[in-house]
Amino acid sequence: MCNVFIEDLIKEMTLEEKVGQCVQLSADYYEVSGEITGPKSTSNVSLEDIKNTGSVLGIFGAEEYKNIQSMHIKNHRLNIPLLFMADIVHGCNTIFPVPIGLGSSFNPKLAYESSRVAALEGRQQGIHVTFAPMLDLAVDPRWGRNMEATSEDPYLNTLFAKAYVEGFQDSDDNQKESMASCIKHFAAYGMVKAGREYNTVDLSKRMLMSDHIPSYKAGIDAGASMVMTAFNTYDSIPCTGNKYLMNTLLRDKLGFDKTVISDWGAVKELINHQVASDDYMATVKSFNATCDIDMMANSYNLELLNAVNNGDVSLQQLDDAVRRILTLKYDLGLFDDPYKFINPDCDLLSKKSLEIAKQASDESIVLLKNNNNILPIKTDNYAITGPMADSSDLMGPWSWHGKQEDVVSNAKYFREENPKINYVSTNGVLNTMHFKNNDIVIYIGGENSYESGESNSKTNINLEASQVNNIKTLFEAGKKVVYVNYSGRPLVLTDIEPYTEAIIQAWFPGTMASASLYDIITGKVNPSGKLSMSFPRNIGQCPLSYREYQTGRPKELGLDDYVSKYIDSENTPLYQFGQGLSYSDCNVKEVELSSNVITDDVDVKITGVIENNSDLISKEVLQVYLNDKCSDLIRPLKELIYVDKFEVENTKEFNITITKDMLKYIDSEFNKTIEDGEVELFIGIDSTILISKTIEVR
Ligand code: GLC
């Protein structure tokens with residue numbers, strides 16, 4: 001639909017002013033502090049460039065916003081307001097679990113509610129657009145940015161994609177809590193070779209379509225306002241300059257008709273990739289791949305005008321890009337009143353926000369092992385120790401505006417709740433005499449938040465040796481060890497598993513981390529998380545997910561040799577996606593199908609009952625997987641096709657409608673299809689305990 005105001009504005013703009021809208025600068029060009037999330041470029045930015053710039057990233061704060069926006073509008077010949085963008089990924093001031101943690105809640109509603117809180121806090125402090133959610137598939141735990149993905153499963157990621165985008169962008173009448181969502185990174189950034197950050201990506205077109213594109217499509221279908229290009233390559237061409245990926249797939253096939261922004265410096269990086277010899281060629285290739293905004297590369301401001309004058313970029317292309325950018329500003333109300341929602345006294349970390357944060361961290365924590373039901377703990381007389389016990393570094397990466405002083409350490413929280421608890425600092429060598437009065441020791445360890453996140457890939461994801469030794473020492477001293485792991489990625493816990501009675505995966509839960517851990521340890525909260533990403537037995541298995549393929553020589557054939565296996569490890573992960581315990585004793589029974597045949601016109605209903613044999617109400621995650629027994633393209637032995645989470649007091653009946661469409665796979669042309677034949681369905685509340693039913697597809 002034509003917007004007369006914007007069309008009239010475009011007619012008035014000079015070429016320089018149009019180019020300016022396609023340039024994004026970081027906070028430091030405005031002489032204010034802010035997020036610097038990439039290499040500082042050489043400063044080939046003129047004052048004229050700054051005057052015409054269309055957007056800025058990393059500036060935060062109501063007062064700073066007002067100062068910079070008013071100066072910018074005054075200096076701009078046509079008074080076009082500046083668009084303010086930032087990484088509000090898992091909370092603004094109130095910090096929620098890192099997305100890989102929230103993915104373990106298997107509860108997309110929490111993603112919706114948490115991103116609404118983030119939008120409320122962020123928009124009133126001057127952020128119009130958030131660079132979130134990241135919708136890349138988590139593939140390899142060596143990669144630091146798994147913390148920013150929601151899971152290793154394409155289907156679960158689509159549910160969270162929709163929830164996050166709608167949470168950021170939904171708004172009631174006064175619209176104050178809405179922020180535009182820029183989904184990222186298009187595409188398949190999680191596939192970096194060897195898990196090494198910014199490395200090359202090489203995958204088949206079919207795997208791109210079936211495993212990676214669904215989550216971006218879900219974000220686009222949910223109304224995402226922007227898409228950010230990925231640093232990596234696809235099919236030997238950097239995404240930012242990849243005309244197939246951006247024009248044919250993103251714009252034409254997925255129908256995305258809004259603004260595309262490069263990642264930090266990614267336009268100029270075409271030169272490093274050696275597919276451009278200079279800024280001019282990088283500019284032409286990126287703009288012709290429909291990249292509207294050059295984030296911090298300082299290429300468009302140098303060469304886009306020349307490219308238009310030389311005819312390597314058409315005026316129509318430039319006007320289309322400017323139209324998309326101005327439309328985003330218009331839709332955000334910036335032309336009406338760029339200060340409308342700015343509120344220096346906005347309510348941060350409100351009671352309601354913290355309640356949502358508490359529920360989110362409660363549900364993201366996964367109980368992986370609980371021998372002899374040692375948890376919930378039945379005594380006041382226990383110890384806590386470990387390198388993360390007195391740490392407030394529990395918010396994880398990309399929690400820019402979260403303050404550690406808002407996070408209470410576990411050591412402090414536990415002892416405030418129960419002064420009898422024996423907290424032992426682990427500075428230096430562990431002395432078991434300090435635990436002589438405690439049979440149970442809660443060892444809180446893992447990795448620091450700066451060991452995951454962007455540019456923090458690792459070749460070794462084993463738990464640190466000193467922590468392994470401490471846990472063994474406690475075990476050999478006769479202590480029952482409950483291990484709590486904080487991390488932004490799966491770690492290898494194989495070395496400590498035999499020396500623990502219980503293992504809890506806490507990820508980075510955010511502001512309410514210690515309150516959640518205390519409530520889970522003491523049983524006030526019944527753990528309900530399921531792993532969003534599999535934990536390998538060792539790094540040699542990586543990349544590894546639950547969605548493994550049968551191969552031509554499956555180990556399950558039972559042959560000793562010449563089958564797909566390792567001579568030094570099991571094939572399976574130590575803990576797998578969809579796995580997680582609760583304190584209740586629940587099981588699924590009476591599973592029935594309405595039909596053993598499914599067609600385009602006849603759905604199949606799966607009915608059954610979840611029975612809770614304990615007196616503890618639990619939240620259970622009902623999961624349905626499929627295995628297509630014979631298809632034209634290989635498919636994983638298990639594929640998640642349905643998820644629901646609900647409370648179970650005594651019994652809970654369920655009735656799931658399975659359509660033929662839900663069983664289909666995606667081919668290399670992004671078409672969904674399935675051949676006639678047998679399909680096995682697996683139903684359960686834990687991915688390792690499933691009931692199998694077979695149906696026929698016709
Ligand atoms: C970073 C990240 C991207 C982020 C952007 C702006 O390099 O790759 O996810 O949104 O720069 O901070």
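Just above, that's the structure.
Summarised in this report is the structure supplied together with it. Because the structure is predicted, anything quoted here is derived from the model rather than measured.

Observations concerning the overall build of the protein chain
Each helix and strand counted, the protein chain has 18 helices and 26 strands in total. Taken along the three principal axes of its C-alpha coordinates, the protein chain extends 75 × 65 × 50 Å. When each of the 698 residues of the protein chain is scored for burial, the buried share is 62%. Considering only contacts within the protein chain whose residues lie at least 6 apart along the sequence, 78% involve residues at least 24 apart. When the accessible area of the protein chain is evaluated, it comes to approximately 26,200 Å², of which 48% is carbon and sulfur surface.

Let's talk about the sheet that holds strand E16 (residues 502-505)
Pairing within the open sheet is mixed, and its six strands lie in the order E11-E16-E15-E14-E12-E13. Looking at strand neighbours, the two that pair on one side only are strand E11 (366-370) and strand E13 (422-423), the edges of this open sheet. Running over the sheet, helix H15 (residues 410-417) touches strand E12 (382-385), E13, strand E14 (440-446) and strand E15 (480-486) and is turned about 160° from E12. With respect to the sheet, helix H16 (residues 465-476) is in contact with E14 and E15, its orientation differing from that of E14 by roughly 170°.

Things to note about the nonpolar core
Judged by nonpolar contacts, the single largest core of 196 residues is most densely connected at Phe186, Leu208, Ile213, Leu375, Tyr382, Ile442 and Ile521. Residue contributions to this core peak at seven residues, all from helix H7 (residues 154-169). The contacts of isoleucine 442, once residues within four sequence positions are left out, are Ile377, Tyr382, Ala383, Ile384, Thr385, Phe414, Val482, Val484 and Ile521. Counting residues in hydrophobic clusters, the runner-up holds 26 residues, among them Ile606, Ile641, Val679 and Ile683.

A closer look at the pattern of salt bridges
Inspection of every chain in the model, using the stated rule, returns 42 salt bridges. For lysine 184, the salt bridge is made with aspartate 87, and the minimal N-O distance between the two is 3.2 Å. Residue lysine 184 is located in strand E5 (residues 180-186), and its partner aspartate 87 is located in the loop between strand E3 (83-86) and helix H5 (99-103); the two are separated by 97 residues in the primary sequence. Residue classification places aspartate 87 among the buried residues on the basis of a relative accessible area of 5%. The closest approach of N and O atoms between glutamate 611 and lysine 589, which form a salt bridge, is 2.7 Å. On the criterion of sequence distance, the pair formed by glutamate 611 in strand E19 (residues 604-612) and lysine 589 in strand E17 (residues 586-593) is long-range, its members being 22 residues apart. When its relative accessible area of 27% is taken as the criterion, lysine 589 is described as partly exposed.

Considering the state of the cysteines
Tallying each qualifying case throughout the model produces zero disulfides. This cysteine, cysteine 346, is not joined by any disulfide, and cysteine 92 carries the nearest cysteine sulfur, 7.9 Å off.

Quick word on helix H13 (residues 315-331)
Over its 17 residues, H13 runs 24 Å from end to end, which matches the ideal 24 Å to within 8%, given 1.5 Å per residue. Along H13, the residues classified as buried are Leu318, Asp319, Ala321, Val322, Ile325, Leu326, Leu328 and Lys329. Just downstream of H13 lies glycine 333, where phi reads positive at about 80°.

Quick word on the layout of surface pockets
The gaps of empty space that remain are located by a probe, the size of a water molecule, rolled over the atoms. If you add up the space inside the largest pocket, you get close to 670 Å³. If you trace the largest pocket, you find 29 residues lining it, with Tyr155, Thr158, Pro214, Ile666 and Lys672 closest to the centre. When residues of the lining of the largest pocket are assigned to their parent elements, the largest contribution, seven residues, is made by helix H8 (residues 205-221). Looking at side-chain class alone, the lining of the largest pocket contains 15 nonpolar, two polar and 12 charged residues. The volume enclosed by the second largest pocket comes to roughly 530 Å³. Looking at the second largest pocket, it is lined by 22 residues, and the ones nearest its centre are Glu548, Glu556, Asn571, Thr572 and Leu637. When the residues that make up the lining of the second largest pocket are grouped by side-chain class, the tally is eight nonpolar, eight polar and six charged.

Some thoughts on the packing of helix H6 (residues 108-123) against H7
It is at 7 Å that the axes of H6 and H7 come closest, and there the two elements cross at 25°. For the element pair H6 / H7, the angle class is roughly parallel. In the packing of H6 onto H7, the handedness of the crossing is right-handed. Residues Pro108, Ala111, Tyr112, Ser114, Ser115, Arg116, Ala118 and Ala119 of H6 form the contact with H7, whose participating residues are Leu159, Phe160, Ala163, Tyr164, Glu166, Gly167 and Phe168. Here the contact of H6 with H7 is built from residues that sort into 10 nonpolar, three polar and two charged.

Some words on helix H17 (residues 513-522)
Counting buried positions along H17 yields nine of 10 residues, so the element is predominantly enclosed. All of the buried residues in H17 are Ala513, Ser514, Ala515, Ser516, Leu517, Tyr518, Asp519, Ile520 and Ile521. On the buried face of H17, the contacting elements are helix H14 (351-364), E12, H15, E14, E15 and E16. Once H17 finishes, glycine 523 follows within two positions and takes phi at roughly 90°, a positive value.

Quick word on the site of the ligand
As a structural note, the neighbourhood of the ligand is formed by 14 residues, with Thr37, Asp87, Arg145, His185 and Asp263 the closest of them. Contacts to the ligand include arginine 145, whose side-chain N or O atom sits 2.7 Å from an oxygen atom. Lysine 184 has a polar side-chain atom sitting 2.9 Å from an oxygen atom of the ligand. Coverage of the ligand by the protein chains reaches 100% of its 310 Å² of free accessible surface. Spatially, the ligand is embedded in the largest cavity. Taken together, the residues that form the shell around the ligand break down as seven nonpolar, two polar and five charged.

What counts, and at which threshold
Residues numbered from 1 in each chain as written. Predicted model: local features only at pLDDT ≥ 70, side-chain atom pairs only at ≥ 80, totals over all residues. Heavy atoms only, no water. Helix = DSSP H or I, 4+ residues; strand = E, 2+ residues; numbered from the N terminus. Buried < 20%, exposed > 50% of the residue type's maximum accessible area, 1.4 Å probe, protein only. Contact = heavy atoms within 4.5 Å. Areas by Shrake-Rupley, 256 points an atom, 1.4 Å probe, with all protein chains shown as cover. Pairing = 2+ DSSP bridges. Axes fitted to C-alpha atoms, helices over the stretch in contact; angles between N-to-C directions. Core = buried A, V, L, I, M, F, W, Y, C linked by side-chain atoms within 4.5 Å. Salt bridge = Lys/Arg side-chain N within 4 Å of Asp/Glu carboxyl O. Disulfide = S-S within 2.5 Å. Expected span 1.5 Å × (residues − 1). 1 Å grid on protein atoms, 1.4 Å probe; cavity = no way out; pocket = protein on both sides within 12 Å on 5 of 7 lines; lining within 4 Å. Points joined across faces, edges and corners; volume = space filled by probe spheres on them. Nonpolar A, V, L, I, M, F, W, Y, C, P; charged D, E, K, R; others polar. Parallel < 35°, antiparallel > 145°, perpendicular 65-115°, else oblique. Left-handed = near helix turned anticlockwise from the far one by under 90°. Near = heavy atom within 4 Å. Polar contact = N/O pair within 3.5 Å; in protein donor to acceptor, adjacent residues only side chain to side chain. Sits in = over half its atoms within 2 Å of the grid points.

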